[in-house]
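# Chains, contacts and geometry: an overview
Here are the chains, one letter per residue:
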Amino acid sequence: MQNWYADDEGNGQQLTKRPDVGDAQVAGVKQSLSLLDGSIPLKATMPGNHDLGNAPTLATLARYEELWGADRGWFDVDGVRFVYFNTQIL
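In this text the structure is predicted, and so the values were computed from the model without any measurement.

## Considering the environment of Pro-56
With respect to the helices and strands, the residue Pro-56 is situated in the loop between helix H2 (49-52) and helix H3 (58-68). Under the relative-accessibility criterion, Pro-56 is labelled partly exposed at 23%. Separated by 32 residues in the primary sequence, Pro-56 and Gln-88 place their C-alpha atoms 7.0 Å from one another. Those residues in contact with Pro-56, other than ones at most four positions away along the chain, are Leu-61, Gln-88 and Ile-89.

What follows is the structure, encoded as structure tokens:
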């Protein structure tokens, strides 16, 4: 997860001095997901601009995959195929 602040120019920049904030956010999300009913399968997570930034890089894509898994794929439920993909890279 990305952490952003406004610099003096008013442009969004990644907050690199506080990586612990992003780590705390990841831990919080994983903690919340662990509380879900285990009989309901979590099939996929999809990234957005808060996960990858507005201009994803190979590094942010790799970090997302390391934390959450693939940013694209498919799964079937009761004969229906669900397809998901990362629109941030289109």
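## Description of the environment of Ser-39
Considering the arrangement of structural elements, one finds Ser-39 in the loop between helix H1 (19-34) and H2. Note on Ser-39: relative accessible area 59%, which makes it exposed. A distance of 2.7 Å separates the side chain of Ser-39 from the side chain of Asp-37, its partner in a polar contact.

## Quick look at the nonpolar core
Counting residues in hydrophobic clusters, the biggest one holds five residues: Val-26, Leu-52, Tyr-64, Leu-67 and Trp-68. Considering each element in turn, this core owes the most residues, three residues, to H3. Among residues more than four places away in sequence, those in contact with Trp-68 are Val-26, Val-29, Lys-30, Leu-33 and Thr-45.

## Overview of the confidence of the model for the protein chain
Residues with a pLDDT of 70 or more make up 77% of the protein chain, whose mean pLDDT is 78. The spread of mean pLDDT over the elements of the protein chain runs between strand E1 (residues 4-6), the lowest at 44, and strand E4 (residues 80-84), the highest at 94. This stretch, residues 4-8, has a pLDDT under 50; its non-local contacts, to residues over four places away or in other chains, come to 13 contacts.

## Some remarks on H3
Every buried residue of H3 is listed here: Thr-60, Tyr-64, Leu-67 and Trp-68. Seen along its axis, H3 keeps its buried residues to an arc of 75 degrees; they face one direction. Away from the buried face of H3 by more than 90 degrees, exposed residues Leu-58, Ala-59 and Glu-66 are located. Backbone geometry just after H3 places Gly-69 at a positive phi near 105 degrees.

Conventions used here
- Position numbers for residues count from 1 along each chain, tracking the sequence in the order it is written.
- Where local features are concerned, this predicted model is filtered to residues with pLDDT of at least 70; where side-chain atom pairs are given and counted, the filter is 80 or more; whole-chain, interface and lining totals use all residues.
- Working from all heavy atoms in the structure, the side-chain values ignore hydrogens and water.
- A run of H or I in DSSP counts as a helix once it spans at least four residues, and a run of E counts as a strand once it spans at least two, with each numbered from the N terminus.
- Buried residues are those whose accessible area, probed at 1.4 Å on protein chains only, stays under 20% of the maximum for their type, while exposed residues exceed 50% and partly exposed ones sit between those limits.
- The contact rule is simple, with two residues in contact once any of their heavy atoms fall within 4.5 Å.
- Any N or O atom pair separated by 3.5 Å or less is treated as a polar contact, with the protein-specific requirement of one donor-capable and one acceptor-capable atom, and with residues adjacent in sequence counted only for side-chain atom pairs.
- As used in this record, nonpolar core signifies buried Ala, Val, Leu, Ile, Met, Phe, Trp, Tyr and Cys residues forming a set joined through side-chain atoms within 4.5 Å.
- Every residue is assigned a pLDDT by the predictor, reflecting its confidence on a scale from 0 to 100.
- Arc definition: directions from the helix axis to the C-beta atoms.

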